[in-house]
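Below are the chains, spelled out letter by letter.
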Amino acid sequence: MNLMKGKTGLIMGVANERSIAWGIANELFLNKANIILTFQNDGLKKRIIPLSEKVNCKNLYKCDVSLKPENEYSIENLIENIKKDIGDLDFVVHALAYSDKDELKGKYLDTSRINFLSTLDISTFSFTRVAKSASKIMKNGGSLLTLTYAGSKKTTPNYNVMGVAKAALETSVKYLSVDLGKNNIRVNAISAGPMKTIAGAAITGARHVYRYSEKVAPLKKNPDLQQVGNAALYLLSDISSGVTGLTHYVDGGLKVVGIPDQDLVNV
Ligand code: NAD
């Protein structure tokens, strides 16, 4: 329970107690990490304050990574403030994504240019921005982690532009791992199975995907927050010191199933 003792890190993406970022924060806290949290907007701040107290987080910052002009340097300013207030970082968790709900249904073919750019900016490029800024204050090396989903590799219903964003995110992980490896900074992703979060619920037909994955996955279960949190603990702690550039699946084994057994599908 001491795997993160002496390590300080930033966790981006807590919206409520069902957020994957919150599951990760909990496991890291139990392992003695010093945790810094961000919230996207003032509306979410009220919900985050009581959660931050549960993980003994003393430093809470607002950070919206969207394209709006006022957010142009939001990530750079965040890291600058952390450097000033706290000092160096040992790890960063990037667990955020956004796309217009109206385009997480129907055809990918109908994706608008504006939502394509905004989805990729928030959900993909923000990780590269975080990596660039945060790596400057990771003087002793460290570990960066982002969250992805299997809709990057194969189609899943209505995931559409988010699948494209996640494919680019997973490729970003590989390139960033090469760029930052010489600084002993590792870069990995967790590909989580479907989970009941605000972001998860934004995808039309999420319930069907959730039930199908649960039925077909070898473990007969979608991941819970603790399982994803523990995988994150492995990737952020020194016990994974030889691992970088990887997308690690926490999906009950769904990834390996090609054609499910006949009794599992109605065809
Ligand atoms: P969530 O809704 O709890 O978290 C999403 C977070 O993104 C929220 O905290 C929100 O404030 C933040 N966010 C959105 N737009 C932002 C912006 N412009 N600036 C700053 N923050 C912004 O949902 P979640 O499921 O915990 O999502 C976390 C990550 O996990 C996402 O990358 C998501 O794609 C990924 N993921 C989710 C699932 C799932 O089934 N829920 C599966 C695999 C991967």
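Computed from a predicted structure; not experimentally measured.

Let's talk about the overall build of the protein
- Counting its secondary structure elements, the protein contains eight helices and seven strands.
- The contacts of the protein with a sequence gap of at least 6 include a subset with a gap of at least 24, amounting to 77%.
- Approximately 13,500 Å² of the protein is accessible, and the part contributed by carbon and sulfur atoms is 54%.
- Put simply, the protein has 34 plus and 25 minus side-chain charges, and the middle of one group is 2 Å from the middle of the other.

What to know about helix α7 (residues 206-216)
- Taken as a whole, α7 has its buried residues at Val209, Tyr210, Ser213 and Val216. For α7, the angular spread of the buried residues around the axis is 150 degrees, confining them to a single face. More than 90 degrees from the buried face of α7, the exposed residues found are Arg207 and Arg211.

Comments concerning the sheet that holds strand β2 (residues 34-39)
- One open sheet accounts for seven strands, arranged β3-β2-β1-β4-β5-β6-β7; its pairing is parallel. Across the chains shown, the open sheet's two edge strands, defined by having one partner strand only, are β3 (59-62) and β7 (247-250). On average, each strand axis in the sheet is tilted by 20 degrees relative to the strand beside it, whichever way the strands run.
- Along the sheet face, helix α3 (residues 74-85) touches β1 (8-12), β2 and β3 and points at about 160 degrees away from the line of β3.

Topic: the pairing of strand β6 (residues 185-192)
- The buried count for β6 comes to eight of eight residues, which makes it a mostly enclosed element.
- Here β6 shows a buried face lined by Ile185, Val187, Ala189 and Ser191 and a second buried face lined by Arg186, Asn188, Ile190 and Ala192.
- Inspection of the sheet shows strand β5 (residues 142-148) paired to β6 by seven bridges, in the parallel sense. In the sheet register, Thr146 faces β6, and the bridge partner there is Ala189.
- Since β5 and β6 lie parallel, the crossover through helix α5 (residues 160-181) that links them has a hand, and here it is right-handed.

Thresholds applied
- Residues numbered from 1 in each chain as written.
- Predicted model: local features only at pLDDT ≥ 70, side-chain atom pairs only at ≥ 80, totals over all residues.
- Heavy atoms only, no water.
- Helix = DSSP H or I, 4+ residues; strand = E, 2+ residues; numbered from the N terminus.
- Contact = heavy atoms within 4.5 Å.
- Areas by Shrake-Rupley, 256 points an atom, 1.4 Å probe, with all protein chains shown as cover.
- Lys, Arg positive; Asp, Glu negative; His and termini not counted.
- Charge placed at Lys NZ, Arg CZ, Asp CG, Glu CD.
- Buried < 20%, exposed > 50% of the residue type's maximum accessible area, 1.4 Å probe, protein only.
- Arc of directions from axis to C-beta.
- Pairing = 2+ DSSP bridges.
- Axes fitted to C-alpha atoms, helices over the stretch in contact; angles between N-to-C directions.
- Right-handed = clockwise from strand over helix to strand, strands pointing away.

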